[in-house]
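Okay, here's what each chain looks like letter by letter:
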Amino acid sequence: MQSIRVRVPAAIGGAALALGLLWLALTSPLRACADCGATLTPAPRLTSGALASVESPALAFSPGWTVDANGADPSEPTDPFSEPSGVITFTYAGDALWLLLAPGDYWAYLYATVDDRPANRLVNIPGNVNSLGAAAGYRTLLAPELAGAPEDRRLRWVEIHRHAQRAEAPASSAHVVRLEFWRGWGQKPLRGVAVDPPTHALHRPGERLPVLPAPQWPGALLMMTGFWLLAATLTPTLKAKLSRSPLPRLRRFDLSSPSWQRGAWIAFGLGAALTIAGTALDRWLLAPAGVLLLAAAGVVRPALWLAALLFALPFAYAVDLPLLPTRALGIVDVGVLGGAATLAGHWALRSLSGEKRPPGAPSLEGEQRAALWLLALIGSWALIASLDVWYPALALREWRVVFLSALIFGGVGIGVVRLSWEPALDRQLLVAGWLLGATTVALIGLWGYVSGQGFVSAAEGVRRVQALYDSPNNLALYLDRTLAVTLSLALFVEGWRRRVFWGALAAVQALAWLLTFSKGALLLAAPAMALTLAAGGVWMVRRRRASLKPLLALGAFLLLAALVLTPFLGAERFQRLLDFEQGTGFLRLQLWRSAWAMALDHPWLGVGPDQFLYHYRSVYLLPEAWQEPNLNHPHNFVLDWWTRLGLVGLLLGVSWWGVGIWGIWRWLRGSSEQRDEAALALGCLAAAFAALAHGLIDVSYALPELMLTWTLLFHWKTAR
């Protein structure tokens with residue numbers, strides 16, 4: 001019976017893998033299209049099968065157009081912001097209407113109606129109307145990434161309308177089309193019109209096409225289902241076989257002995273110094289030597305490698321490690337994969353030397369196990385959503401550095417503390433590494449603010465600290481999380497020396513955090529953080545009947561923060577904090593309108609990882625928001641999950657956050673009598689709520705350092 005229970009799921013998993021692989025093979029671009037492409041010719045009428053050039057008599061142009069065999073070019077109107085550059089009207093009979101457009105590095109947009117209704121294959125955003133005040137299908141033509149491409153690769157066939165038999169007139173009847181082009185003069189934005197074109201006509205000659213013209217995601221879903229079925233059924237069998245076939249034993253040695261540990265700390269110090277020097281001086285020979293020494297230290301004590309990674313997280317945005325003569329590698333890639341390698345090396349050495357798992361090692365509790373499984377499902381779904389996208393290479397890169405890295409990092413973190421001889425001490429090492437890294441990057445930003453040597457930007461009457469990030473908001477997003485934990489430790493841990501140490505770190509982080517002048521940090525994250533710390537502090541004081549000094553210190557900290565901001569209250573940025581008629585607030589509302597439309601248009605899979613920017617500025621960008629076209633996320637955590645990974649991704653993401661935060665809350669409740677444990681748990685809870693609050697109007701998770709931080713918060717508890 002047990003054999004049947006294993007064989008049947010394994011057989012189903014194998015079949016799913018085989019079918020998924022076959023599907024991907026048939027839907028991948030494998031063969032060159034010999035007869036692709038079609039010549040556009042003038043057409044007196046637009047009927048089914050027509051491939052018409054813009055010189056067709058069927059097209060009626062408003063005055064001012066320049067039309068030739070290469071395309072139609074509108075003229076510059078007197079007021080480009082209040083009137084279109086040109087209008088085209090025509091009728092057609094058929095099912096699907098396509099336009100050959102020429103997007104590029106220029107700001108222009110199109111409104112289209114068919115039979116006085118919005119063209120139904122274009123975006124229709126409520127309130128975004130054409131020059132007649134009527135609802136219309138809409139598309140922008142801004143695509144800077146295509147600017148340097150050859151002409152034939154820059155042109156895009158875009159379906160703008162498809163006949164719906166029940167809702168509209170019969171396909172054989174004449175449909176009246178009105179196109180409005182706004183701006184775009186000198187670019188010849190329209191190159192051709194097609195009605196019910198054959199599939200091969202929409203592709204370039206020689207372009208590689210799949211055997212089966214179908215999406216790839218079903219194949220990926222089949223393969224992922226098969227993989228998890230096989231993993232779930234075969235893992236217990238493999239573990240049982242390994243336990244019956246012990247590894248050969250080497251000479252016994254004790255990695256936990258003082259000599260090994262002393263050597264690990266020496267290697268760690270030298271490795272950190274060489275890595276920092278090699279990176280700062282761009283000397284690749286120094287950096288690899290430093291990383292190898294850090295790896296050696298990590299094999300003896302894996303927490304050392306992980307602490308180095310946590311210290312370096314805020315530097316990952318701007319700094320790469322020069323590990324090869326002509327190429328630098330990302331900190332997150334090296335840190336996460338190196339962490340897995342050092343942990344594997346540590347486990348192998350201990351297994352071969354006969355050492356067993358330390359007695360009393362922490363176990364993986366229900367919430368942590370559920371959070372890790374949900375993270376694995378998120379990573380699996382993100383891979384599926386990365387296939388049928390505009391730019392698969394970018395999607396797969398984000399899947400690797402955000403989702404896969406977080407999953408590996410979570411597994412490594414759990415493995416580090418479960419194999420540790422001193423889990424509580426190793427967790428202190430990890431906490432110190434993480435918070436010291438945040439303090440260091442904050443100091444860099446403050447030094448730039450005081451010295452005027454960079455690391456700041458100016459906006460709306462204030463100088464904003466941004467340290468090594470491109471935006472002060474990114475620095476604020478990271479410090480939201482670290483400051484909450486540092487401040488909780490400064491207020492609630494035992495021992496005045498430790499409180500002074502954490503208080504000094506909190507002061508540095510807080511000052512840099514305030515001077516980012518991030519609206520999300522000041523208006524949302526700060527109240528969420530303060531309320532959580534205050535409520536948690538009251539709860540801990542009542543449970544232990546302890547002194548009220550930590551709460552008074554928190555009040556003093558908030559008062560001091562308000563005093564720091566007082567000299568800047570007259571600046572334009574503060575005067576316009578709640579102004580939604582112009583500036584950042586107004587643009588954010590327009591962004592949400594576009595992102596909502598994007599989510600509704602792509603409900604199940606979203607547009608894919610790292611695809612928001614290209615869909616936003618090339619399809620959904622509203623005319624009112626043209627000042628900020630290069631936004632790569634919707635600045636709201638619900639819309640971010642939905643547009644990136646669809647409704648399935650949104651459900652998985654919200655579940656992951658819910659399980660993780662519930663686990664932190666249970667951790668806090670169970671550690672109320674352990675002051676240091678409760679302080680860390682409360683800090684993690686405050687960090688989670690501050691990050692979620694800030695995520696209402698900014699990025700919440702889809703950056704490597706933020707995703708790894710979420711994983712960290714949800715798995716600290718395993719180090720008890």
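Note that this is a predicted model, so its numbers are computed, not measured. (Residues numbered from 1 in each chain as written. Predicted model: local features only at pLDDT ≥ 70, side-chain atom pairs only at ≥ 80, totals over all residues. Heavy atoms only, no water.)

(A) Looking closely at the pattern of salt bridges. The tally for this structure, following the rule as stated, stands at 17 salt bridges. The partner of Asp 68 in a salt bridge is Lys 188, and the shortest N-O contact between them spans 3.2 Å. One end of the pair, Asp 68, is in strand β4 (residues 66–68); the other, Lys 188, is in the loop between β12 (175–183) and β13 (190–195), and 120 residues separate them in sequence. Each of Asp 95, Arg 121, Glu 159 and Arg 162 takes part in one network of salt bridges that share partners. (Salt bridge = Lys/Arg side-chain N within 4 Å of Asp/Glu carboxyl O. Helix = DSSP H or I, 4+ residues; strand = E, 2+ residues; numbered from the N terminus.)

(B) Molecular detail of a nonpolar patch on the surface. Taken together, Leu 19, Leu 22, Leu 26, Val 211, Leu 212 and Leu 222 make up a surface patch of nonpolar side chains, about 470 Å² in accessible area. Examining the composition of the nonpolar patch, we find that three residues originate from one element, helix α1 (residues 2–27), more than from any other. The residue Leu 22 is located in helix α1 in this model. (Patch = residues over 30% accessible without salt bridge, like charges linked within 9 Å, V, L, I, M, F, W, Y side chains within 5 Å. Areas by Shrake-Rupley, 256 points an atom, 1.4 Å probe, with all protein chains shown as cover.)

(C) Focus on the packing of aromatic side chains. Evaluated as defined, the whole model comprises 30 aromatic pairs. Both rings, one in Phe 612 and one in Tyr 616, keep their centres 5.6 Å apart while their planes meet at 10°; by these two values the pair is stacked. Placement of both Phe 612 and Tyr 616 in helix α17 (residues 612–620) is noted, with a separation of four residues, approximately one turn of the helix. Considered together, Phe 612 and Tyr 616 belong to a single accessibility category, that of buried residues. Ring pairs connect the aromatic residues Phe 403, Phe 637, Trp 641, Trp 656, Trp 657, Tyr 701, Trp 710 and Phe 714, which therefore count as one cluster. One cation-aromatic arrangement involves Arg 183 over Phe 81; the distance from NZ or CZ to the ring centre is 5.3 Å. The ring of Tyr 449 carries Arg 463 above its face, with NZ or CZ at 4.5 Å from the centroid. (Phe/Tyr/Trp six-rings, centres within 6.5 Å; stacked < 30°, edge-to-face > 60°. Buried < 20%, exposed > 50% of the residue type's maximum accessible area, 1.4 Å probe, protein only. Lys NZ or Arg CZ within 6 Å of the ring centre and 35° of its normal.)

(D) Up close: the environment of Pro 77. Counting through the fold element by element, Pro 77 comes out in the loop between β5 (71–73) and β6 (86–92). Distance in space between the C-alpha atoms of Pro 77 and Trp 185 is 9.3 Å, their sequence separation being 108 residues. Residue contacts for Pro 77: discarding those within four places in its chain leaves Glu 83, Pro 84, Ser 85 and Trp 185. (Contact = heavy atoms within 4.5 Å.)

(E) Representation of the state of the cysteines. Summed over the entire model, instances satisfying the criterion amount to one disulfide. Across the disulfide, Cys 33 is cross-linked to Cys 36 (sulfur-sulfur distance 1.9 Å). The sign of the 95° torsion about the S-S bond sets the Cys 33-Cys 36 disulfide as right-handed. Just as Cys 33 is buried, Cys 36 falls in that class too. (Disulfide = S-S within 2.5 Å.)

(F) Structural view of helix α5 (residues 286–300). With 15 residues, α5 extends 22 Å between its outermost C-alpha atoms, agreeing within 8% with the 21 Å of an ideal straight helix rising 1.5 Å per residue. For α5, the set of buried residues is Ala 287, Pro 288, Gly 290, Val 291, Leu 294, Ala 295, Ala 297, Gly 298, Val 299 and Val 300. Looking at the packing, one finds that the buried side of α5 touches α4 (258–281), α6 (302–312), β15 (320–321) and α7 (331–352). (Expected span 1.5 Å × (residues − 1).)

(G) Spotlight on the packing of α4 against α5. Across the interface, α4 lies against α5 with an axial gap of 7 Å and an inter-helix angle of 155°. Here α4 lies roughly antiparallel to α5, going by the angle between them. In the packing of α4 onto α5, the handedness of the crossing is left-handed. Together, Trp 260, Gln 261, Ala 264, Ala 267, Phe 268, Leu 270, Gly 271, Ala 272, Leu 274, Thr 275 and Gly 278 of α4 and Leu 286, Ala 287, Ala 289, Gly 290, Val 291, Leu 293, Leu 294, Ala 297 and Val 300 of α5 make up the contact between the two elements. Residues that form the contact of α4 with α5 fall into these classes: 15 nonpolar, five polar and no charged. (Axes fitted to C-alpha atoms, helices over the stretch in contact; angles between N-to-C directions. Parallel < 35°, antiparallel > 145°, perpendicular 65-115°, else oblique. Left-handed = near helix turned anticlockwise from the far one by under 90°. Nonpolar A, V, L, I, M, F, W, Y, C, P; charged D, E, K, R; others polar.)

(H) Spatial organisation of the pairing of strand β10 (residues 137–140). Side chains of β10 alternate between two faces, with Gly 137 and Arg 139 and Tyr 138 and Thr 140 buried alike. Bridge analysis of strand β8 (residues 108–114) against β10 gives four bridges, and the strand direction is antiparallel. Considered in β10, the bridge of Ala 112 is made with Gly 137. (Pairing = 2+ DSSP bridges.)

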